[in-house]
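# Structural features, examined
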Number of protein chains: 4
Amino acid sequence: MKFGSSLCTLNVGGRRFSLTAELMKHLPLSRLSRLHRCVSESELLELCDDYDRDRNEFFFDRHSEAFSFIMLYVQHGKLRFVPHMCELSFYNEMLYWGLESSDLQPCCQRRLDSRMSDCFVHFFPEEEPQVQEKPQSRWVERMRRTFEEPTSSLAAQILASVSVVFVVISMVMLCASTLPDWKATETLDQHRIIEAVCIGWFTAECVIRFLVSHNKCEFVCRPLNIIDLLAITPYYISVTVTILTGENSQLQRAGVTLRVLRMMRIFWVIKLARHFLGLQTLGLTLRRCYREMVMLLVFICVAMAIFSALAQLLEHGLDLEAGNQDYASIPAACWWVIISMTTVGYGDMYPVTVAGRVLGALCVVSGIVLLALPITFIYHSFVQCYHELKVRSARLTRSLSAEFVS
Amino acid sequence: MKFGSSLCTLNVGGRRFSLTAELMKHLPLSRLSRLHRCVSESELLELCDDYDRDRNEFFFDRHSEAFSFIMLYVQHGKLRFVPHMCELSFYNEMLYWGLESSDLQPCCQRRLDSRMSDCFVHFFPEEEPQVQEKPQSRWVERMRRTFEEPTSSLAAQILASVSVVFVVISMVMLCASTLPDWKATETLDQHRIIEAVCIGWFTAECVIRFLVSHNKCEFVCRPLNIIDLLAITPYYISVTVTILTGENSQLQRAGVTLRVLRMMRIFWVIKLARHFLGLQTLGLTLRRCYREMVMLLVFICVAMAIFSALAQLLEHGLDLEAGNQDYASIPAACWWVIISMTTVGYGDMYPVTVAGRVLGALCVVSGIVLLALPITFIYHSFVQCYHELKVRSARLTRSLSAEFVS
Amino acid sequence: MKFGSSLCTLNVGGRRFSLTAELMKHLPLSRLSRLHRCVSESELLELCDDYDRDRNEFFFDRHSEAFSFIMLYVQHGKLRFVPHMCELSFYNEMLYWGLESSDLQPCCQRRLDSRMSDCFVHFFPEEEPQVQEKPQSRWVERMRRTFEEPTSSLAAQILASVSVVFVVISMVMLCASTLPDWKATETLDQHRIIEAVCIGWFTAECVIRFLVSHNKCEFVCRPLNIIDLLAITPYYISVTVTILTGENSQLQRAGVTLRVLRMMRIFWVIKLARHFLGLQTLGLTLRRCYREMVMLLVFICVAMAIFSALAQLLEHGLDLEAGNQDYASIPAACWWVIISMTTVGYGDMYPVTVAGRVLGALCVVSGIVLLALPITFIYHSFVQCYHELKVRSARLTRSLSAEFVS
Amino acid sequence: MKFGSSLCTLNVGGRRFSLTAELMKHLPLSRLSRLHRCVSESELLELCDDYDRDRNEFFFDRHSEAFSFIMLYVQHGKLRFVPHMCELSFYNEMLYWGLESSDLQPCCQRRLDSRMSDCFVHFFPEEEPQVQEKPQSRWVERMRRTFEEPTSSLAAQILASVSVVFVVISMVMLCASTLPDWKATETLDQHRIIEAVCIGWFTAECVIRFLVSHNKCEFVCRPLNIIDLLAITPYYISVTVTILTGENSQLQRAGVTLRVLRMMRIFWVIKLARHFLGLQTLGLTLRRCYREMVMLLVFICVAMAIFSALAQLLEHGLDLEAGNQDYASIPAACWWVIISMTTVGYGDMYPVTVAGRVLGALCVVSGIVLLALPITFIYHSFVQCYHELKVRSARLTRSLSAEFVS
């Protein structure tokens, strides 16, 4: 391999570029500098598509316009996108020639980021249904789909509807049981039967879904399933306790622990997330926006610390005896700060001194500004998640229906 | 028709593409593969615009750049939009060659969706006035327009104004009638006369609009007309009852049923929707966004279930005697949750325990986030509906004025 | 002028288009059909730039690509923007050839509208300073600028600052005068002197600005000046009354009318609009968004009518004796509705029945949605107005500074 | 140098443009007119890249398309962006030829502004680490980074975490110290020790950071450091006072001044800004948006002035005896206005007259509109700041890690 001082020719997609070997070595394109370091022709052919020894010409089957644009960058030092080219295609060319996204001008780099975040979102769902399934488990697989994907078949839809109905019934029961006129003993047995049926259904659903799942371990770790478990077990614990300690369930209900266990059924309502796109979107958004959630939390905590300390000082601390006793301690003032910053304003506490009121106005206005700032990010993410889940669900329905038809 | 192993030439808009027949058969462009299956020349000419048997050349009068881009897709497997071309035009080309929108890369697919939703909106109103009208019903048609389209003529505008005035009068009457100092008997007769005139006008308007409508059945099903009917009939029912049971109208008014019937007149206010673009936009938005409305409802219900159960537990359930009696039952706590989540905060109920206040803060912040998420979709839709209705109304006005002029 | 059946050639910007005379007559481009109707060459040269009788060729010094695009429209019936061309330039070409914006596809039409609204905004301020001024009024003009344009010179800035200081002083005086511990008589005389000085300054400013204004009539009609007048005159009225009825000003102050007159000084605060870009932007936004303001008002009124009537019925009407007396009449319920819809929630009224609370929840949620919808338009307009006023103010400053320098 | 009446040829990037010398002199491109004024060839070569005396041809190694576009501007008077070119590149060409951004059409000018504001933001962080450092101060530099840049190394991260823990501990201590059951004397000594440790840590951190800082003066002026100082000194002051006046610290704590000094520790919470991107973003946003902040403040003040004066008049002023005593003075009404405009609505004050309620409704609605308007700008700025700081922090991490690796 002799480069000498002779000219090299790069033939990119039919267009020729002549460079001195010296220049080529110093170009910031790693593919070209590696070309220069090659010692054998076979090594060289790993880097370019063809080599013509006579004319010292290297062939590359790549987009010529993109390359000429990249060469311009080499001379002027500012790499920007080729105007008419898809940003992602150009990025592919850049990677081929050995540039990274950080070599782009900052504004183009940002454009690339936003394009990639738009697109990765859509690339991701396609890979999921690639699970290799054994032919004998066809029946299990169909069962699994019936339970896991409510849109996959008519049976799945009926099952989903029944499940929703049971959730609603058990929620209504739970709410009603706290009403004062509900605690008459005569209807108590009926309620216990309805409760038992609901629990029975949820238990059965849970067990079947566990049995037909692909991956038992991953199934147990899924948040929705953990919630299911947490919502079901308390019932069995309380039944066990009742059996052990005797039939006096009325007394049981009076126990604080059992009331807490009972209230955990409320988390069944999250089961609805399986059946409503909106709730799934919400879940996905929350998982994606955990950074923004933390930011929101930090904002609230910092603002709460500052404003509550100042409010306590101004309303109570300056005059311990005559001061507003509502603001006696910082934690009490915290409650006022959060209720004011969110513009709820129950009116159970409010400043009465002039300084306290000025602080209050400041607190409210900064609350409006502060809370809204991280939420804008969450909105943006929510819109994206919604579109993504709609596309994914449409695909799932289509591919499944195609399968059942063929 | 012999393809053999010879080369075919596709002449698209003057640009030639040479393909082996084998390749052509396997291309994912259904038009080309169907071309291959043709047995007679006449069949072939249904698929292409011309055929030159000597050179085995197929002519297509289509956009050549779009086709060459589509051919690139065939080789690289990633179909994106041609940079300078209108997305809709390119989609037309795709459909011609036998591709679907799902063959596009996801990011381009989304761009197409958004373009189409932008445009269909505008295509739709053009088709409406295509109703074939009989020449003899010209007068009826003009009458119909006068009543249905407030911007169509001067008479229509006057009619609309009178109608608005009557609505406002009857609304003021209804409001005033509930004031304590209004119930003096001396002015009662005057009010009854004004009421009767208003009702008479609305009835007349309704009847005429029904008589001159194109399609009686569709007229009856329109939501605005149903509301009209619901707002008018109660008056006649109460008059009938009064006549049947005697003239003691004062006593009548004391009856709960009649008060309910009377209050239904409030729905006349929705008649204003005929005359205000904003209200029409709102109606259209609500109809289009029913999915987002359901999402909003589901979000509120789920959040209400979880937070109210927890609030009841923390504020009341943990200590039944000393606990906050405002939170005695879950339905009562629901009221607190919705009033807090929407940041209204009347102050009739508020948590007093530390745990309850932490939950309250959480509830308020998640309420701000939750409620705003589906509303962003509704905003977007509202803006679109508004532009659409403005364009439609401008067109209607223009086309009608053109008609009256010529 | 003979067209006959021979071919015409249109030479647009160097590119030739051949058409039969028949086709040309029927094209929807009014310039070409008017060309056909010409009887003399001079008439013809008003429509095209040159004419070559031998070759029957018409010359147009226009953009050839735009024309070829428009010709495509003629054949396919769908006119869209040329991809790389500025929308406004293309629109110019369209107007030249006799097309209107309504000939564009709806999506392009909307794009054009938004571009034009973006740009007209900026074109507008350039025309303003074209006022022809007499050389002798140079001094008056400089005086006018000093008073009207706070950024035009150092003197103007000082004047503006003094004016702001006086407004602030008079506002503080007005506020302080309502404080209970302020009404001591010993400081009363000082206050009256300060008051008199402020009024004197405002009067002087007003008079000078009136004297140096270009157009007295237009000056009187400007909203800011009307407000000035309304804020100043009450003082003189009260002084007159005091003089006429004797010096007992303490007694004067007790009179309702004089208190009202006194309070009108609050409108001086609007004078600040002269000195703050933000307030000017607000004013401009309100003037531009009057449609959206009306929409907001109509939304609020309609929602208030419906919800207050229903709330009165549910909370009070169903049970006149035991019902919630807060909701005794619809106007009273209106107050609750507006305070709930805007999520203020003072807590002076709130529903207590279950039906009333469900209605309340509905009212609050629909209030959040309803109020926000028209406000999005106002936001958009505000952002635009702000940019516009910033650009205009920057230009004014630049052009004036250039003038003073040269 | 003879131009005479002969033609000049401009060769821009290989494309030739022929102009008469006369025309060239009058073109609004300052480079060309300066060319005309040159007297020697050397002077000329400062303006163009080469000159061919024989053909009177000037060579410019610039973008030819941009120049031809600029020439078009000369003839038509409307300069717009070349469609496919990056706005910033085109602006470079414009500057080269002697045009300014104000020569662009207003819409393009605005596009350029927004592009530049996007990009300058990203250019700025690159220049910062260009500080020339002495070789011997390598250790100091590493120390500095450890303290100032929490992401720069493992040690820095540990230090940052410890610092956050200390802040949280001291915040919890401060909050707890205001609780009533905390004031038992037996634990008081422990608290004083924890306090002393926290203060010690903060003092040490502060001192080290000061010692290793590049520029002592700039260090002292940084807002975060001023806050540190303000938060630390009060402790030493109170210790000094305690020592001077004796050990009766219980009595000290009762003193108002010491309570105020103590409460200043709350500002330590702002130290967290060093460790949370969100808080830094917030700080940067506030600094950038000071104009919008002022606008928000002005809006609130003006609205408060007008509404509070009117509310005082309507609720109290019209009937001094029977009127609502809550609204006795304008400053009192101000509190109601701000609490209503921000939709907080504590309910401690509310209007009771009809006129006052109408004003209240108006005040609330205009508050929603007014407050939101400047906030939209702040949102926009916040999003931009966030992206910027994320990019900067990613770069810092990358470049530092690269340094430690090599």
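In this convention, every chain numbers its residues from 1, walking through the sequence in written order. The naming scheme follows written order: chains are lettered A onward, ligands numbered 1 onward. Two thresholds apply to this predicted model, a pLDDT of at least 70 for residue-level local features and 80 or more for giving and counting side-chain atom pairs, whereas whole-chain, interface and lining totals are computed over all residues. Based on all heavy atoms of the structure, the side-chain values leave hydrogens and waters out of the count.

What counts, and what does not: UniProt positions are given in the numbering used here, feature names are shortened, and annotations may be inferred rather than shown by experiment.
Per an unreviewed UniProt entry, chain A is named Voltage-gated potassium channel regulatory subunit KCNG3, and its organism is Parambassis ranga. Turning to chain A, the UniProt record has this under Sequence similarities (unreviewed entry): "Belongs to the potassium channel family. G (TC 1.A.1.2) subfamily. Kv6.3/KCNG3 sub-subfamily." Recorded under Subunit (unreviewed entry), the UniProt text for chain A is reproduced unchanged: "Heterotetramer with KCNB1. Does not form homomultimers."

### With respect to the interface of chain D and chain C
Worth spelling out the cut-off: For this analysis, residues touch if any pair of their heavy atoms sits within 4.5 Å. The term buried area means the drop in 1.4 Å probe accessible area that two parts suffer when joined, counted for both and summed. For this analysis, a salt bridge means a side-chain nitrogen from Lys or Arg found within 4 Å of a carboxyl oxygen belonging to Asp or Glu. N or O atoms closer than or at 3.5 Å make up a polar contact, with two conditions inside protein: a donor-capable atom paired with an acceptor-capable one, and, for residues adjacent in sequence, both atoms drawn from side chains. A run of H or I in DSSP becomes a helix once it reaches four residues, and a run of E becomes a strand once it reaches two; helices and strands are each numbered from the N terminus.
With 51 residues of chain D at the contact, the number on the chain C side is 48 residues. Here chain D packs against chain C, burying approximately 4,300 Å² in sum over the two surfaces, 75% of which is carbon and sulfur. The residue C:Asp348 makes a salt bridge to D:Arg357 at a minimum N-O spacing of 4.0 Å. Seen at the junction of chain D and chain C, the total is 4 residue pairs in polar contact (both at pLDDT 80 or more). Examining the composition of the side of chain D that touches chain C, we find that 13 residues originate from one element, helix 17 (residues 354-405) of chain D, more than from any other.

### Brief notes about the side chain of D:Glu315
All names here are of chain D. Rule in force here: Note on classification: 1.4 Å probe, protein chains only; a residue is buried when its accessible area is under 20% of the maximum for its type, exposed when over 50%, partly exposed between these limits. The convention is simple: Lys and Arg are positive, Asp and Glu are negative, and His and the chain ends are not counted.
Mapped onto the elements of the fold, Glu315 is located in helix 15 (residues 290-317). For the buried residue Glu315, which engages in no salt bridge, the nearest side chain bearing the opposite charge is Arg357, 6.7 Å off. At 3.0 Å, the side chain of Glu315 forms a polar contact with the side chain of Asn324. The residues touching Glu315, leaving out its near neighbours within four places in the chain, are Gly323, Asn324, Tyr327, Pro351, Val352, Thr353 and Gly356.

### Overview of the pairing of strand 2 (residues 15-20) of chain A
Residue and element names in this part refer to chain A. Our working definition: DSSP calls a pair of strands paired once it identifies at least 2 bridges connecting them.
As paired strands, strand 1 (residues 7-12) and strand 2 are joined by 6 bridges and run antiparallel to one another. Pairing of Val12 across the sheet is with Arg15, part of strand 2. Once strand 1 ends, the chain turns through 2 residues before running back antiparallel as strand 2, passing Gly13 with a positive phi of about 55°.

### Let's talk about the sheet that holds strand 2 (residues 15-20) of chain C
All names here are of chain C. What counts is decided by this rule: Interaxial angles span 0 to 180 degrees and are taken between N-to-C directions of axes, which are lines fitted to C-alpha atoms, for helices over the stretch in contact.
Spatially, 4 strands are ordered 2-1-4-3 in an open sheet, and the strand pairing comes out mixed. What marks the edges here is a single partner per strand, and that holds for strand 2 and strand 3 (50-52). On average, each strand axis in the sheet is tilted by 20° relative to the strand beside it, whichever way the strands run. As paired strands, strand 3 and strand 4 (residues 57-60) are joined by 3 bridges and run antiparallel to one another. In the sheet register, Tyr51 faces strand 4, and the bridge partner there is Phe58.

### Quick notes on a nonpolar patch on the surface
All names here are of chain A. Put simply, the rule is: Only residues above 30% relative accessible area that lack a salt bridge enter a patch, with like-charged residues linked at up to 9 Å and the nonpolar side chains Val, Leu, Ile, Met, Phe, Trp and Tyr linked at up to 5 Å. The method behind every accessible area is Shrake-Rupley, applied with a 1.4 Å probe, and residues are considered shielded solely by the protein chains displayed.
On the surface, Val207, Phe210, Leu211 and Val220 cluster together into a nonpolar patch covering about 350 Å² of accessible area. Of the residues forming the nonpolar patch, the biggest block, 3 residues, is contributed by helix 9 (residues 188-211). With respect to the secondary-structure elements, Phe210 resides in helix 9.

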